[in-house]
Structure formats: structure tokens, C-alpha cells
Amino acid sequence: MRDPFIISGREFRSRLIVGTGKYKSFQETARALEASGADMVTVAVRRVNLDRSKESLLDYIDPNKYFLLPNTAGCYTADDTIRTARLAREVGLSDWIKLEVIGDQATLYPDVQATLEATEVLAKEGFTVLAYTSDDIVFAKRLVDAGASAVMPLGAPIGSGLGIQNAANLRILREMIMGVPLIVDAGVGTASDAAIAMELGYDGVLMNTGIAGAQEPVLMAEAMKHAVLAGRKAYLAGRMPRKLYATASSPLEGVVRWKGWDNLSS
């Protein structure tokens, strides 16, 4: 069954999007990317050497193999976010941007109003905007109206590894927003978290710390690849109904009865 993952008219093979921060070395980053099977990776514009004057993370990401998604990590205002996105385009990274405007330093929760303002400006300038946001359905709808090509609600605070803490809200978002892809961004700590996100019907999962922070990042990257695939297939298959009481796997209805059983029981 063909099940394409399409954002703004571009099709991707993998529904797993992987970040590139927090690894022990650029070499480990490259190995984890390979093991993840991802074909879209994010790079923080403010944290890479854009002029290549010295060794850079960009030297380890093959542009013929991976689609580069710049992100605005570290930005706290709409204006700063807009400037960072423009810089990414000017240096030739991409006119796609993962928009991230932080509103609180302790929790790294997004400033949804500033995110909306930046989305409106950048979408009008021709950017393909993937907007990191809260699980607020009102602002999610406004982001779509403002021109976001994908909405990326958090599953838990960035880097927390707590897993999906807001499943009910994520379900509401999935039921009410069908016009653009929804991608869980932040909070995934292990493979089962990624599978749950996909089983909720989300189009993809973006993660960084869940892989980079593992004891064996390359092995965790491979686990995340399989979890995203399994979760998507389970969602498409449709899970069995939940029931309060047991239902026999081999029901007695229609079973041929042998008279000898009555004699044995007596």
C-alpha cells in the first residue's frame, strides 16, 4: 500500500526527521543519521559554521542524500527568528525553515504568538514554514491560516525524554487539522514514544535528544527508524477496540461438540 509523506509538494521516504545537535562528534552524528534512515535532517542556523572557514557539521551531511532543514533554535523573538531564516536562505541552506521561537527559557516552551507573527512574514516571503508550537488547537489553526506548511506540536518539553504527555490534545489536533502534515516535535525519549506518536495518526516525528542522548546513539537511531515504521503501520491497520472484559481468542460459538467430553467430565 502506497503511503506517501508529502510536505509542500515534496515527498519524503522516511517519516522520521532527525536533529544534529548534542552528539559526541561529527562522525557520530553521521553514523546516527545513516542508521536512522531519515532523509530530512535539521541544523540550527545559529550553531553551525556557515562560512566553512573551519570544520563544520555541514561537512558531514551529504546534500545529495539528505534534505537539509535549517531551524531557528535559540531565537526568542519573532524578529530574531525572521532574520535567522533569511540568513539561512541567503547562505544557500534552504528556503525551508523549521520555525522555533522560544517563550520560556526554563521549559523551552514556544512563544505561540511570536511564532504566528514570524510564520505570517516568512510564508509571504516564499518560505516553506514548519512551525514548532504548543498543543493549542486555536493557535495551530491560526498557523495553518498564516501559511504554515506543517504544524509541529510538542509531545513534552524539548530534551525532556518524557514521552507523549498530552495524548488527548494531540488526538484533538489530529482530528481537527487535516490540511497540512502534523509532526510531533520534542519529548520523544525512546522507541515506544515514537511509535505512540505515529499511532495517534501523526504524519511524522522529529527528534534529536532521544537519539543523541542515548547511551548508544547509533543503535537508538535504528530503533527509532523501526518504531516510526511500526507506529505508522499500526495506525493504518486500525487497532482492535478496547474492551473492559476478556474475549476468548478461541470462542466456543460454532464449535463441534464431541459426546465423549460429557462422559469424561462425569
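Residues numbered from 1 in each chain as written. Predicted model: local features only at pLDDT ≥ 70, side-chain atom pairs only at ≥ 80, totals over all residues. Heavy atoms only, no water.

Engineer: Just give me the short version of the nonpolar core, but keep the residues and values in it.
Structural biologist: Looking at soluble globular proteins, one finds that nonpolar side chains tend to be buried together. Within the largest apolar cluster, 64 residues are counted, with the highest numbers of intra-cluster contacts made by Ile61, Leu122, Leu173, Met207, Ile211 and Met224. The residues touching Leu173, leaving out its near neighbours within four places in the chain, are Asp135, Asp136, Ile137, Ala140, Pro153, Leu182 and Tyr202. (Core = buried A, V, L, I, M, F, W, Y, C linked by side-chain atoms within 4.5 Å. Buried < 20%, exposed > 50% of the residue type's maximum accessible area, 1.4 Å probe, protein only. Contact = heavy atoms within 4.5 Å.)

Engineer: Explain the packing of helix α6 (residues 191-199) against helix α8 (residues 217-237) residue by residue, including any values.
Structural biologist: Where α6 contacts α8, the two axes come as close as 7 Å, and the packing angle between them is 25°. With respect to α8, the axis of α6 lies roughly parallel. In this structure, the crossing between α6 and α8 has a hand that is right-handed. Facing Ala191, Ala194, Ala195, Met198 and Glu199 of α6, the residues of α8 in contact are Met220, Ala223, Met224, Ala227, Val228, Gly231, Arg232, Ala234 and Tyr235. Among the residues making up the contact of α6 with α8, the classes are represented as 11 nonpolar, 1 polar and 2 charged. (Axes fitted to C-alpha atoms, helices over the stretch in contact; angles between N-to-C directions. Helix = DSSP H or I, 4+ residues; strand = E, 2+ residues; numbered from the N terminus. Parallel < 35°, antiparallel > 145°, perpendicular 65-115°, else oblique. Left-handed = near helix turned anticlockwise from the far one by under 90°. Nonpolar A, V, L, I, M, F, W, Y, C, P; charged D, E, K, R; others polar.)

Engineer: Talk me through the layout of surface pockets; I want residue IDs and the actual numbers.
Structural biologist: Considering only enclosed or pocket space, the largest pocket measures out at about 760 Å³ in volume. In this structure, the largest pocket is lined by 39 residues; those nearest its centre are Gly21, Lys22, Arg47, Ala73 and Asn208. Of all the secondary structure elements, the ones that give two or more residues to the lining of the largest pocket are α1 (26-36), β4 (40-44), β10 (204-207) and α7 (209-212). Grouping the constituent residues of the lining of the largest pocket by class yields 15 nonpolar, 17 polar and 7 charged. What the second largest pocket holds in volume is close to 340 Å³. Asp3, Arg13, Arg15, Leu229 and Arg232 are, among the 19 residues lining the second largest pocket, the residues nearest its centre. For the lining of the second largest pocket, the secondary-structure elements that each account for two or more residues are β2 (10-12) and α8. At 6 residues, the largest contribution of residues to the lining of the second largest pocket is made by α8. Broken down by class, the residue content of the lining of the second largest pocket amounts to 8 nonpolar, 3 polar and 8 charged. (1 Å grid on protein atoms, 1.4 Å probe; cavity = no way out; pocket = protein on both sides within 12 Å on 5 of 7 lines; lining within 4 Å. Points joined across faces, edges and corners; volume = space filled by probe spheres on them.)

Engineer: Go over the pattern of salt bridges, please, and point to the residues and values.
Structural biologist: The final tally for this structure, using the stated rule, is 12 salt bridges. Notably, a salt bridge pairs Lys98 with Asp185, separated by 2.9 Å at the nearest N-O pair. Residue Lys98 is located in strand β6 (residues 96-99), and its partner Asp185 is located in strand β9 (residues 183-185); the two are separated by 87 residues in the primary sequence. Take Asp185: its relative accessible area is 5%, and that puts it in the buried class. (Salt bridge = Lys/Arg side-chain N within 4 Å of Asp/Glu carboxyl O.)

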